[in-house]
Amino acid sequence: MVGPPRPQFVLFGSSIIQFSFSNDGWGAMLADIYARKVFLPPFDLIVALDMQLLELKNILAVLPSNIRLSSDLQADIFVRGYACWNSRRALEVLDKVFPKNAPTQPALAIVYLGGNDSMGPHPSGLGPHVPLPEYVDNMRKVATHLKVLFYWPL
């Protein structure tokens, strides 16, 4: 690590996350905006479920009102996006990407899953399709896992 530790923002999900740093994407914009700004306690969690618009202003618009900004601090942005992944595969790596025993937990997580899950089922039974009831259950599991990491006593 270079310099003092900074809060971590983790972008986790499918190719929407993976390619968020390509061609001035929204992930790159987020990294630029928070190069010198950071959330101060209480840290909060955002789970962006199947967002229709991926513009950064829409992501920032859903931040809880109790988040305060400081212009003298910075945050590190981590991208954990995997092309063609669905909520089922995300559950398989959830503990590796967000280990509960990590010495430092993220200050913010943006999760995008659902685009691949919603694809029509392939006749072979293969492919990224996940039935809606399973998708909902998977996303609840992701949110529950992350809520434990983001607990911040007042």
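Residues numbered from 1 in each chain as written. Predicted model: local features only at pLDDT ≥ 70, side-chain atom pairs only at ≥ 80, totals over all residues. Heavy atoms only, no water.

In the nomenclature of an unreviewed UniProt entry, the protein is known as SGNH hydrolase-type esterase domain-containing protein of Carnegiea gigantea. Looking at the Sequence similarities (unreviewed entry) heading of the UniProt record, one finds this comment for the protein: "Belongs to the 'GDSL' lipolytic enzyme family." (UniProt positions renumbered as here; feature names shortened; annotations may be inferred.)

A. Main features of the overall build of the protein. The helix and strand inventory of the protein stands at 5 helices and 5 strands. In the protein, the order of α-helices and β-strands from amino to carboxyl end is β-α-α-β-α-β-β-α-β-α. Split into buried and exposed, the 154 residues of the protein put 37% on the buried side. Working note: accessible area of the protein is about 9000 Å², and carbon and sulfur atoms make up 58% of it. (Helix = DSSP H or I, 4+ residues; strand = E, 2+ residues; numbered from the N terminus. Buried < 20%, exposed > 50% of the residue type's maximum accessible area, 1.4 Å probe, protein only. Areas by Shrake-Rupley, 256 points an atom, 1.4 Å probe, with all protein chains shown as cover.)

B. Layout of the pattern of salt bridges. Scanning the entire structure with this criterion turns up 3 salt bridges. With a shortest N-O distance of 2.8 Å, Glu134 and Arg88 are connected by a salt bridge. Within this pair, whereas Glu134 is found in helix 5 (residues 132-149), its partner Arg88 is found in helix 4 (residues 87-97), the two being separated by 46 residues in sequence. Residue Asp137 pairs with Lys141 through a salt bridge whose shortest N-O separation is 3.3 Å. Placement of the pair is Asp137 and Lys141 together in helix 5, with a separation of 4 residues, close to one helical turn. (Salt bridge = Lys/Arg side-chain N within 4 Å of Asp/Glu carboxyl O.)

C. Expanded view of the confidence of the model for the protein. Model confidence for the protein is summarised by a mean pLDDT of 76, while 70% of its residues fall at 70 or above. Low pLDDT, under 50, characterises residues 40-59; the stretch is placed with 55 contacts to residues that sit more than four places away or in other chains. (pLDDT = per-residue confidence, 0-100. Contact = heavy atoms within 4.5 Å.)

D. Local environment of the side chain of His145. Locating His145 in the fold gives a position in helix 5. A distance of 3.5 Å separates polar atoms of two side chains, one belonging to His145 and the other to Asp95. Once residues within four sequence positions are removed from consideration, His145 is found in contact with Leu94, Asp95, Phe98 and Lys100. (Polar contact = N/O pair within 3.5 Å; in protein donor to acceptor, adjacent residues only side chain to side chain.)

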